[in-house]
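In case you want the letters, here they are:
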Amino acid sequence: MGFKCGIVGLPNVGKSTLFNALTQTQAAQAANFPFCTIEPNVGRVGVPDPRLDKLASIAGSAKLIPTQLEFVDIAGLVKGASKGEGLGNQFLGNIREVDAICHVLRCFEDGDITHVEGSVDPVRDAEIIETELMLSDMESLERRIQPLQKKANSGEKDAIAEVELMTRALTLLQDGKPARVLEIAKEEQKAFRMLHLLTAKPVLYVCNVEEDAAADGNSLSAKVAEKATAEGAQSVVISAAIEAEVSQLEDPEEKLEFLDSLGLVEAGLSRVIRAGYRLLDQITFFTVGPKEARAWTVKRGATAPQSAGVIHTDFERGFIAAETVAFDDYVELGGETAVKDAGKMRLEGRDYIAKDGDVFHFRFNVSK
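K.L.:
Can you explain the overall build of the protein? Please cite residues and give values.
P.N.:
Scanning the protein from N- to C-terminus turns up 14 helices and 12 strands. Out of the 368 residues belonging to the protein, those deemed buried represent 48%. Sequence-distant contacts in the protein: of pairs separated by 6 or more residues, those separated by 24 or more amount to 68%.

This is the structure we're talking about:
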């Protein structure tokens, strides 16, 4: 499992509290002063998916194994991080290693909790971090373009194409726009990924509101939602304080009762995890049997052999075919036997593109 969401934000916005609740640990020290998280804490969480429960119930599976997402709690950032201010260099190094950014924004007033900028303004806070990431990207591109330009001037085709791509990205950044909005041709996608630009990573804004606003948000979170919509990003409203309390309750019924008393249908963490999962453009397929029902993650657009390879490389190498059932058919008909009798099980080959919710049984043969 190699999908990482980095939890970022200014100091004292609730990052570590959110991380603790997400992973149901106290691995990150939550304190009212900047840089309490020095080294990045890492935790894996199961992605909530009621489909897995249904499949396991029908198949009588002894064990349920959800797909997982990795969250990394990264030290707080301040203005000047791109120039090494605060823990800037470490922050930028850590964020470079994640696949997506989970940006926590403080959307609540509390005189007892200091704000590094002196006032609460989540849109400004988001722009501070975005600016620092853009400055870092610009410095990276400017440093790399110069030596590459010499090769381009000599007529080297690959160098010419790379310089052109980097120049377009640099121009966009200089205009105050993140690299993720750059229009990329299909044949340029690999080269663009190799640039490893911080602002090319997809972003989820997590609005940390006061407890009374956990259900519907507030005026501050509404401004963040507008910003997210304008950027084509996503936003989620949570109360980190509530999530911290919920994470300490072990009894599922007790959790539901507590949430219900606050007018909440589900924990905000579930929305954060699902949104982070969507942000990475993943889909889920399932394998089901008496021993276990398991959810697997694969990139959208993956073929059947590539999906098999997620389970084991031998499955992809020796792929023959994939016995495939749509989730709705499996549930409606009540299991594998009924699906086969109804002719709803399909035998898909190497070119089949996996669909979200597919239930697979892979046929493979690996010669010695």
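That covers the picture; the talk isn't over yet.
K.L.:
So, the packing of aromatic side chains: which residues are in play, and what are the values?
P.N.:
As enumerated under the stated definition, the model contains eight aromatic pairs in all. Arranged with centres 6.5 Å apart and planes meeting at 40°, the rings of Phe286 and Phe327 form a pair that is tilted. Placement of Phe286 in strand S8 (residues 282-288) and of Phe327 in helix H13 (residues 327-333) is noted, with a sequence separation of 41 residues between them. Across this residue pair, the class does not change: Phe286 and Phe327 are buried. The ring of Phe108 is capped by Arg106, whose NZ or CZ atom sits 4.6 Å from the centre of that ring.

K.L.:
Explain the pattern of salt bridges to me, using residue names and the numbers behind them.
P.N.:
Throughout the structure, instances matching the rule amount to 14 salt bridges. Of the charged contacts, one joins Glu70 and Arg44 as a salt bridge, the two residues approaching to 3.0 Å between their closest N and O atoms. With Glu70 in strand S4 (residues 68-73) and Arg44 in strand S2 (residues 41-46), this residue pair connects regions lying 26 residues apart in the sequence. The shortest N-O distance in the salt bridge between Lys340 and Glu336 comes to 3.3 Å. Of the two residues, Lys340 and Glu336 are both situated in helix H14 (residues 336-341); the distance of four residues between them amounts to about one turn of the helix. When its relative accessible area of 45% is taken as the criterion, Lys340 is described as partly exposed. Beyond isolated ion pairs, a larger network of salt bridges with shared partners links Lys4, Arg44 and Glu70.

K.L.:
Give a description of the sheet that holds strand S6 (residues 203-208) that names residues and reports values.
P.N.:
Pairing between sheet strands relies on hydrogen bonds along the backbone, with the strands arranged either parallel or antiparallel. The six strands lie next to each other as S2-S4-S1-S5-S6-S7, forming an open sheet whose pairing is mixed. Bordering the open sheet on either side are S2 and strand S7 (234-238), each of which pairs with just one other strand. Within the sheet, the average angular offset between the axes of one strand and its neighbour, ignoring direction, is 25°. Its contacts with the sheet put helix H4 (residues 122-153) on strand S5 (100-106) and S6, and the angle it makes with S5 is roughly 145°. Its contacts with the sheet put helix H10 (residues 268-279) on strand S1 (4-8), S2, S4, S5, S6 and S7, and the angle it makes with S7 is roughly 165°.

K.L.:
Could you give an account of the layout of surface pockets, with specific residues and numbers?
P.N.:
Quantified by volume, the largest pocket comes out at close to 900 Å³. Along its surface, the largest pocket is lined by 22 residues, and Asp99, Arg193, Ala200, Pro202 and Lys299 are the ones closest to its centre. Residue contributions to the lining of the largest pocket peak at three residues, all from helix H6 (residues 189-193). Partitioned by chemical class, the residues of the lining of the largest pocket number 11 nonpolar, three polar and eight charged.

K.L.:
I'd like a description of empty space enclosed by the protein, backed by residues and values.
P.N.:
Overall, the coordinates contain one cavity of 30 Å³ or more when judged by the stated rule. Size it by volume and the largest cavity reaches roughly 50 Å³. If you go around the largest cavity, the residues you meet are Val8, Ile95, Ile101, His103, Ala126, Ile129, Glu130, Leu133, Val203 and Tyr205. When residues of the lining of the largest cavity are traced back to their parent elements, those giving at least two are S5, H4 and S6. Taken together, the residues of the lining of the largest cavity break down into eight nonpolar, one polar and one charged.

K.L.:
Go over the environment of Gly176 with me, naming the residues and quoting the values.
P.N.:
Note on placement: Gly176 falls in the loop between helix H5 (157-174) and H6. Looking at Gly176, the relative accessible area reads 46%, which means it is partly exposed. Placed 42 residues apart in sequence, Gly176 and Met134 show a C-alpha to C-alpha distance of 7.7 Å.

K.L.:
How would you sum up the confidence of the model for the protein? Please name residues and give values.
P.N.:
Confidence in the prediction of the protein, expressed as mean pLDDT, is 84, and 89% of residues score 70 or more. Confidence drops under a pLDDT of 50 for residues 25-38, and excluding neighbours within four residues, the segment shows 38 contacts in the predicted structure.

K.L.:
Which residues make up the environment of Ile353, and what are the values?
P.N.:
Tracing the chain through its elements places Ile353 in the loop between strand S11 (346-348) and strand S12 (359-364). For Ile353, a relative accessible area of 38% corresponds to the partly exposed category. Sequence spacing of Ile353 and Pro305 is 48 residues, and the spatial spacing of their C-alpha atoms is 9.2 Å. Setting aside residues no more than four positions away along its own chain, Ile353 makes contact with Gly301, Ala302 and Thr303.

K.L.:
Hey, could you go over a negative patch on the surface for me, with residue numbers and the actual values?
P.N.:
Taken together, the side chains of Glu109, Asp110, Glu210, Glu211, Asp212 and Glu245 define an acidic patch exposed on the protein surface. On the basis of relative accessibility, which here comes to 34%, the residue Glu210 falls in the partly exposed class.

What counts, and at which threshold
Residues numbered from 1 in each chain as written. Predicted model: local features only at pLDDT ≥ 70, side-chain atom pairs only at ≥ 80, totals over all residues. Heavy atoms only, no water. Helix = DSSP H or I, 4+ residues; strand = E, 2+ residues; numbered from the N terminus. Buried < 20%, exposed > 50% of the residue type's maximum accessible area, 1.4 Å probe, protein only. Contact = heavy atoms within 4.5 Å. Phe/Tyr/Trp six-rings, centres within 6.5 Å; stacked < 30°, edge-to-face > 60°. Lys NZ or Arg CZ within 6 Å of the ring centre and 35° of its normal. Salt bridge = Lys/Arg side-chain N within 4 Å of Asp/Glu carboxyl O. Pairing = 2+ DSSP bridges. Axes fitted to C-alpha atoms, helices over the stretch in contact; angles between N-to-C directions. 1 Å grid on protein atoms, 1.4 Å probe; cavity = no way out; pocket = protein on both sides within 12 Å on 5 of 7 lines; lining within 4 Å. Points joined across faces, edges and corners; volume = space filled by probe spheres on them. Nonpolar A, V, L, I, M, F, W, Y, C, P; charged D, E, K, R; others polar. pLDDT = per-residue confidence, 0-100. Patch = residues over 30% accessible without salt bridge, like charges linked within 9 Å, V, L, I, M, F, W, Y side chains within 5 Å. Areas by Shrake-Rupley, 256 points an atom, 1.4 Å probe, with all protein chains shown as cover. Lys, Arg positive; Asp, Glu negative; His and termini not counted. Charge placed at Lys NZ, Arg CZ, Asp CG, Glu CD.

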